[in-house]
Amino acid sequence: MNTKKLEQNIMDTITEQQLKLGYRFEHVRIYYPLQTLNRLLGVEKNASQMEDMLSCFCDAIKDKYGPIRISVKEDRFCFLIPPEGNEYIHSHGTDNGFLEELIHTVSHHGCQFDEVLALFHKYSGHVHIEQTKHGEFDYLVYFEDGVPDSFRYCLSVEEAHIIYHRFTPEDYQDFGL
């Protein structure tokens, strides 16, 4: 079991939340489907087996994040990160200048799609841009070489602003779009 991807995903998710909402010393919940956890950990386990694996994972990282509690409902896992873990990520999290600029860019009223694309191009010369036709969102944009990140950004253009959602490449692929 390789726990580095899961730990990095937890850090990325909480960092994004802190950039959007600000940091507070409080509990944070993150939800993962079983399939995503299997991919992040490089295993193929059922919910019961995964629960056991995650118990070991939480024990291994409790010195940094505090006591993480995990609950399961069917194949959906809730990670309850204690305030100490949220603070650790705030203090030691990765510097993601791109994500910070993206959140700032899309948060202002009147944001245009061209502004968002210019930001992607500022960080890389290898940007994939695909207009979609399925109606779930308008554009798929990502960094082809995985730098500065490998997330798939699903962008919707709505009158005076842009909305984004980001997914791991594997989770995006699961959507079957």
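We now turn to the structure provided with this report. (Residues numbered from 1 in each chain as written. Predicted model: local features only at pLDDT ≥ 70, side-chain atom pairs only at ≥ 80, totals over all residues. Heavy atoms only, no water.)

**Thoughts on the sheet that holds strand β5 (residues 139–143)**
- Taken in spatial order, the four strands line up as β4-β5-β6-β7 in an open sheet, and their pairing is antiparallel. Of all strands in the sheet, those with a lone pairing partner are β4 (127–131) and β7 (161–167), marking the two edges. Strand-to-strand twist of the sheet, defined as the mean angle between neighbouring strand axes without regard to direction, takes the value 20°.
- The pairing of β4 with β5 spans five bridges and is antiparallel. Each bridged residue has a counterpart across the sheet, and for isoleucine 129 the counterpart in β5 is valine 141.
- Its contacts with the sheet place helix α5 (residues 97–107) against β5, β6 (152–158) and β7, and it is angled at close to 150° to β7. (Pairing = 2+ DSSP bridges. Helix = DSSP H or I, 4+ residues; strand = E, 2+ residues; numbered from the N terminus. Axes fitted to C-alpha atoms, helices over the stretch in contact; angles between N-to-C directions. Contact = heavy atoms within 4.5 Å.)

**With respect to helix α2 (residues 34–41)**
- Burial analysis of α2 places six of its eight residues in the buried class, the great majority of the element.
- For α2, the set of buried residues is Leu34, Thr36, Leu37, Asn38, Leu40 and Leu41.
- Contact partners of the buried residues in α2: α1 (4–21), β1 (28–33), α3 (47–65), β3 (76–81) and α7 (169–174). (Buried < 20%, exposed > 50% of the residue type's maximum accessible area, 1.4 Å probe, protein only.)

**Concerning the pattern of salt bridges**
- Applying the stated criterion across every chain, the model contains seven salt bridges.
- The residue glutamate 7 makes a salt bridge to lysine 64 at a minimum N-O spacing of 2.6 Å. Here glutamate 7, found in helix α1, pairs with lysine 64, found in helix α3; they are 57 residues apart in sequence, far enough to count as distant.
- For glutamate 7, a relative accessible area of 14% gives the class buried.
- A relative accessible area of 34% means that lysine 64 is categorised as partly exposed.
- One salt bridge connects lysine 20 with glutamate 16, and the closest N-O pair in it is separated by 3.5 Å. Remark: glutamate 16 and lysine 20 occur in helix α1; sequence separation between them is four residues, near one turn of the helix.
- Its relative accessible area of 44% is what places lysine 20 among the partly exposed residues.
- Beyond isolated ion pairs, a larger network of salt bridges with shared partners links Glu16, Lys20 and Arg166. (Salt bridge = Lys/Arg side-chain N within 4 Å of Asp/Glu carboxyl O.)

**Considerations on the pairing of β5**
- The element β5 is largely enclosed, with a buried count of five among its five residues.
- Alternating positions in β5 separate into two faces, Tyr139, Val141 and Phe143 on one and Leu140 and Tyr142 on the other, with burial throughout.
- Sheet analysis places β5 next to β6, joined by three bridges and oriented antiparallel. Bridging across to β6, tyrosine 139 finds its partner in leucine 155.

**Side note on the packing of aromatic side chains**
- What the rule picks out here adds up to 13 aromatic pairs.
- Where phenylalanine 137 meets tyrosine 172, the ring centres are 6.2 Å apart and the plane angle is 55°; that geometry is what we call tilted. Taken as a pair, phenylalanine 137 in the loop between β4 and β5 and tyrosine 172 in helix α7 lie far apart in primary sequence, 35 residues in all. Side by side, phenylalanine 137 and tyrosine 172 carry an identical accessibility label, which is buried.
- Geometrically, the ring pair formed by phenylalanine 167 and phenylalanine 175 is edge-to-face, given 4.8 Å between the ring centres and 85° between the ring planes.
- Of the residues examined, phenylalanine 167 reaches a relative accessible area of 25% and is grouped as partly exposed.
- Three or more aromatic residues joined by ring pairs make a cluster, and in this case those are Phe98, Phe120, Tyr123, Phe143, Tyr153 and Tyr164.
- Across from the ring centre of tyrosine 142, 3.7 Å away, lies the NZ or CZ of arginine 152, which sits over that ring. (Phe/Tyr/Trp six-rings, centres within 6.5 Å; stacked < 30°, edge-to-face > 60°. Lys NZ or Arg CZ within 6 Å of the ring centre and 35° of its normal.)

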